[in-house]
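In case you want the letters, here they are:
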Amino acid sequence: MRRWPRVPRLRALPRAGGCGQRVHGVEHCDEFAWLGDAASHAVSAQLAAEKRYTQLHLQPLASAEMELYGQMASSIPAEIQSAPEPWGSYEYYTRTLARRDLPRFCRRQRGGGGGEEVLLDLGALADRYGFASLGAFAVSPNHRMLAYTLDTSGAEEWTLWVVELATGAAHARIANAHGVEWLGDERLVYTAANRRGRPSTALLHAIGGAVRAEVLYEEEDEEWVLEVGATKGSGLVTLTSASRLATEVRLLDPWQPAAPPRLVAPRAEGVTYLVEQ
């Protein structure tokens, strides 16, 4: 029979204070309000104590934990590669190396000619910054440029990067950019968030052009978010306003970049639709 260690009970101690909040004329006091200060020494000490407490309780299971981990790891392929997606003269895919959690985004010439080209190594970015999360990822129609959004803080603070694939040179770095799509080979459409973090504005950025982007459309309803996408067949860029119960789509034509977004169908409560070609 497994013997469990005797571990003293641990709990966060209530503290005086935390008063002052009034609801319906009644003042409320929260004895655990001190836990809301994540930077305080008291909270750090409490978290460290909680960690030690958990480790002591689970110590008898350490060997079983490692055995289960070994069994699960042995069933996972050393390397994971997605099915290649053909586009133009290339085929695009992701590849996750052994003992790595984050993938590489790669391409190679169709027909087996040429070697592998790594477009973006998300694991290497995580090693550099301590954390890396990929949002949008879009290769230009002429296959020369890459645009992607990256969060390196874990707070969903996205930055748009535009790089030249042949040289790795960065052509743009734009803060507060969420989604991104190419409008032809030299223009980008991206969405930016308002002060509440809601993606609400679509902007046009010309590669090598003015620093200030042109506003294409702004979603003013606070209950709706704005998303940017693209159709696979024709390269049309879609601006989709979406709520929980409805959508509204506008189109941008890469062959008519100066034309304003064209509304497909006005929003109607309970009606959702998308555009594909």
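### Considerations on the overall build of the chain
Tallying secondary structure elements over the chain gives three helices and 19 strands in all. In summary, the chain has a C-alpha radius of gyration of 25 Å against a globular reference of 19 Å for 277 residues, an excess of more than 25%. Across its three principal directions, the C-alpha atoms of the chain cover 70 × 60 × 40 Å. Every one of the 277 residues in the chain was classed for burial, and the buried ones make up 33%. Across the chain, 29 positive and 34 negative side-chain charges occur, with their mean positions spaced 7 Å apart.

### Let's talk about the pattern of salt bridges
Counting across every chain of the model gives 12 salt bridges. A salt bridge links Arg100 to Asp127; the nearest nitrogen and oxygen atoms lie 2.9 Å apart. Here the residue Arg100 occupies a position in the loop between strand 5 (90-96) and strand 6 (104-109), and Asp127 occupies one in helix 3 (residues 122-129), the gap between them amounting to 27 residues. Asp127 sits in the exposed class, given a relative accessible area of 55%. Between Arg250 and Glu248 there is a salt bridge, with the nearest N and O atoms lying 2.8 Å from each other. Where salt bridges share partners, they join Glu219, Glu248, Arg250 and Arg267 into one cluster.

### With respect to the environment of Ser133
Relative to the helices and strands, Ser133 is located in strand 8 (residues 133-139). Excluding residues that lie within four positions of it along the chain, Ser133 makes contacts with Thr149, Leu150, Asp151 and Trp158.

### Thoughts on the sheet that holds strand 15 (residues 214-218)
Spatially, 12-13-14-15 is the arrangement adopted by the four strands of the open sheet, whose pairing is antiparallel. The open sheet terminates on both sides in strands that have one partner only, identified here as strand 12 (177-182) and strand 15. Within this sheet the neighbouring strands show an average axis-to-axis angle of 25°, counted without direction. One ladder, built from seven bridges, connects strand 13 (residues 187-193) with strand 14 (residues 199-206); its direction is antiparallel. The residue of strand 14 that forms the bridge with Ala193 is Pro199.

### Some details on helix 3
Turning to helix 3, its buried residues are Leu122, Gly123, Leu125 and Ala126. Along the axis of helix 3, the buried residues cluster in a sector spanning 160°; they form a single face. Residues Asp127 and Arg128 are exposed on helix 3 and point more than 90 degrees away from its buried face. Where helix 3 is buried, its residues contact strand 7 (117-121), strand 8 and strand 9 (145-151).

Definitions and limits used
- Residues numbered from 1 in each chain as written.
- Predicted model: local features only at pLDDT ≥ 70, side-chain atom pairs only at ≥ 80, totals over all residues.
- Heavy atoms only, no water.
- Helix = DSSP H or I, 4+ residues; strand = E, 2+ residues; numbered from the N terminus.
- Rg over C-alpha atoms; globule rule 2.2 N^0.38 Å.
- Buried < 20%, exposed > 50% of the residue type's maximum accessible area, 1.4 Å probe, protein only.
- Lys, Arg positive; Asp, Glu negative; His and termini not counted.
- Charge placed at Lys NZ, Arg CZ, Asp CG, Glu CD.
- Salt bridge = Lys/Arg side-chain N within 4 Å of Asp/Glu carboxyl O.
- Contact = heavy atoms within 4.5 Å.
- Pairing = 2+ DSSP bridges.
- Axes fitted to C-alpha atoms, helices over the stretch in contact; angles between N-to-C directions.
- Arc of directions from axis to C-beta.

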